[in-house]
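# Chain and residue survey
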Amino acid sequence: MKGIGKRVTVAFMSIVALLSVSGLISLFELSNLSYDTEAILSANSRDLELAKNLLRSAHDHSRAMIDVAIFDKEERKVACRNASDELVAHISSVYAHAPKAIHGSLDTLSMYVTDLAQLTENYKSYEVVVIDSLRSEVRRIDGRGWYVESYEPAYDRFVEQVKEYITLSHGELAPRATQLSKNVYRSVAPVLISLLVMIAIVLMFYYFVYIYGVKPILRINRSLSDYMLFKLPFKPKTVMVDEIKELHDNIENMINISKSNKKQENDAI
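To start, this report covers the structure provided alongside it. (Residues numbered from 1 in each chain as written. Predicted model: local features only at pLDDT ≥ 70, side-chain atom pairs only at ≥ 80, totals over all residues. Heavy atoms only, no water.)

### Overview of the overall build of the protein
To keep it simple, the criterion reads: Only DSSP runs of H or I with at least four residues qualify as helices, and only runs of E with at least two residues qualify as strands; both kinds are numbered from the N terminus onward. In this scheme, a residue with accessible area under 20% of its type's maximum is buried, one over 50% is exposed, and one in between is partly exposed, where area comes from a 1.4 Å probe on protein chains only. Contacts are residue-level and defined by heavy atoms, with any inter-residue pair within 4.5 Å sufficient. In these tables, accessible area is a Shrake-Rupley quantity obtained with a 1.4 Å probe, and a residue counts as shielded only by the protein chains included in the view.
For the protein, the count of helices and strands is five helices and two strands. For the protein, the α and β elements follow one another from N to C terminus as α-α-α-β-β-α-α. Counting only residues that meet the buried cut, the protein has 29% of its 269 residues in that class. Contacts in the protein between residues far apart in sequence, at least 24 positions, make up 67% of those at least 6 positions apart. Carbon and sulfur atoms make up 62% of the accessible area of the protein, which amounts to about 17600 Å² in all.

### Side note on the packing of aromatic side chains
So the rule is basically this: Stacked, edge-to-face and tilted labels apply to pairs of Phe, Tyr and Trp rings (six-membered ring for Trp) whose centres lie within 6.5 Å, assigned for plane angles under 30 degrees, over 60, and everything in between, in that order. Charge over a ring is defined by NZ of Lys or CZ of Arg lying within 6 Å of the ring centre and within 35 degrees of the ring normal.
Enumeration over the complete set of coordinates arrives at four aromatic pairs. Look at Tyr 123 and Trp 146: their rings are 4.4 Å apart centre to centre, the planes differ by 45 degrees, and that puts the pair in the tilted class. Here the residue Tyr 123 occupies a position in the loop between helix H3 (103–122) and strand E1 (126–130), and Trp 146 occupies one in helix H4 (residues 143–230), the gap between them amounting to 23 residues. When its relative accessible area of 3% is taken as the criterion, Tyr 123 is described as buried. Members of the aromatic cluster, connected to one another through ring pairs, are Tyr 123, Trp 146, Tyr 147, Tyr 151 and Tyr 155. The ring of Tyr 227 carries Lys 231 above its face, with NZ or CZ at 5.7 Å from the centroid.

### Observations regarding helix H2 (residues 77–95)
Every α-helical turn comprises 3.6 residues, leaving residues that sit three or four positions apart pointing alike. Note the following rule: Each residue after the first adds 1.5 Å to the expected span of a helix. This arc is built from the directions going out from the helix axis to the C-beta atoms.
Between its terminal C-alpha atoms H2 stretches 27 Å, which fits the 27 Å expected from 19 residues at 1.5 Å a residue. Those residues of H2 lying buried are Lys 77, Cys 80, Ala 83, Ser 84, Leu 87, His 90, Ile 91 and Val 94. All buried residues of H2 fall inside an arc of 135 degrees around its axis, so they share one side.

### Things to note about H3
Between its terminal C-alpha atoms H3 stretches 28 Å, which fits the 28 Å expected from 20 residues at 1.5 Å a residue. Of all the residues in H3, the buried ones are His 103, Ser 105, Leu 106, Leu 109, Tyr 112, Val 113, Leu 116 and Thr 120.

### Focus on the nonpolar core
Our working rule: We define a nonpolar core as any set of buried Ala, Val, Leu, Ile, Met, Phe, Trp, Tyr and Cys residues linked to one another through side-chain atoms lying within 4.5 Å.
By size, the foremost hydrophobic cluster in this structure holds 30 residues, and its most contacted members are Leu 54, Met 65, Leu 106, Leu 109, Phe 158 and Tyr 165. At the level of elements, helix H1 (4–69), H2, H3 and H4 are the ones that each hand at least two residues to this core. No other element matches H4, which puts ten residues into this core. Phe 158 has contacts with Leu 54, Ala 58, Leu 87, Leu 109, Tyr 112, Val 113 and Leu 116, leaving out every residue within four places of it along the chain. In this structure, Ile 220, Tyr 227, Ile 244 and Ile 251 belong to the second largest nonpolar core, which totals seven residues.

### Here's the deal with the environment of Arg 46
Along the chain, Arg 46 turns up in helix H1. For Arg 46, a relative accessible area of 33% puts it in the partly exposed group. Counting along the chain gives 52 residues from Arg 46 to Ala 98, while the straight-line C-alpha distance between them is 9.8 Å. Excluding residues within four positions of it along the chain, Arg 46 makes contact with Val 94 and His 97.

### Focus: the environment of Leu 218
Mapping Leu 218 onto the fold places it in helix H4. For the pair formed by Leu 218 and Thr 238, sequence separation is 20 residues and the distance between their alpha carbons is 9.7 Å.

Below, the structure written as structure tokens:
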């Protein structure tokens with residue numbers, strides 16, 4: 001390829017092409033990174049929201065059951081049923097979107113909700129005690145003792161299972177978080193590589209422009225100034241190619257023509 005203009009154009013277009021390709025690759029990887037980040041944050045937010053709702057509804061169920069068992073407020077069983085329905089609804093809302101690996105944990109939560117509901121429905125503030133074949137009496141149940149011995153262990157199992165679900169869910173997100181870290185490097189790597197390559201190209205471009213462009217022009221200009229001021233021979237010592245060489249040859253031809261014309265004038269005189 002000949003011509004400084006073409007060489008310079010190709011050099012700059014190569015840099016532009018390199019930056020464009022690396023930019024497109026980085027944009028693609030950043031798009032994937034954004035999608036993965038959004039998915040992880042969404043899953044984490046969904047898990048935290050589920051845990052908060054489950055614990056709140058479980059607390060409502062426990063508080064209503066205290067009123068039923070300890071304070072003999074039988075009408076509060078309605079609040080227990082409502083809390084049980086909320087627990088079932090919360091679990092169902094995430095079951096379809098949850099990874100299969102934690103379906104078992106959600107099934108266990110559902111089972112514990114059923115246990116709490118059955119305890120609520122089966123609880124009676126009294127019991128019939130048979131004394132003998134002819135006699136029986138109704139005795140009041142110790143609601144406080146029943147709550148501590150029967151209900152509270154079931155409630156604690158449910159709360160522990162909620163914590164277990166969160167642990168398992170975060171464990172499922174760990175590989176995706178690791179992959180997210182890798183995607184960060186993949187999105188940044190093309191930019192870093194292209195930056196290093198661009199620096200190398202710019203340094204090489206500077207070197208060749210200085211050696212084959214700037215330096216010859218400076219030498220030609222200095223040699224031309226020396227010829228005009230001190231009548232020194234026009235012989236710039238430098239490597240010249242393409243238009244720079246053509247410029248040198250044209251100046252040299254002009255000087256030779258000028259010398260020839262002066263010599264003819266002197267001879268004519």
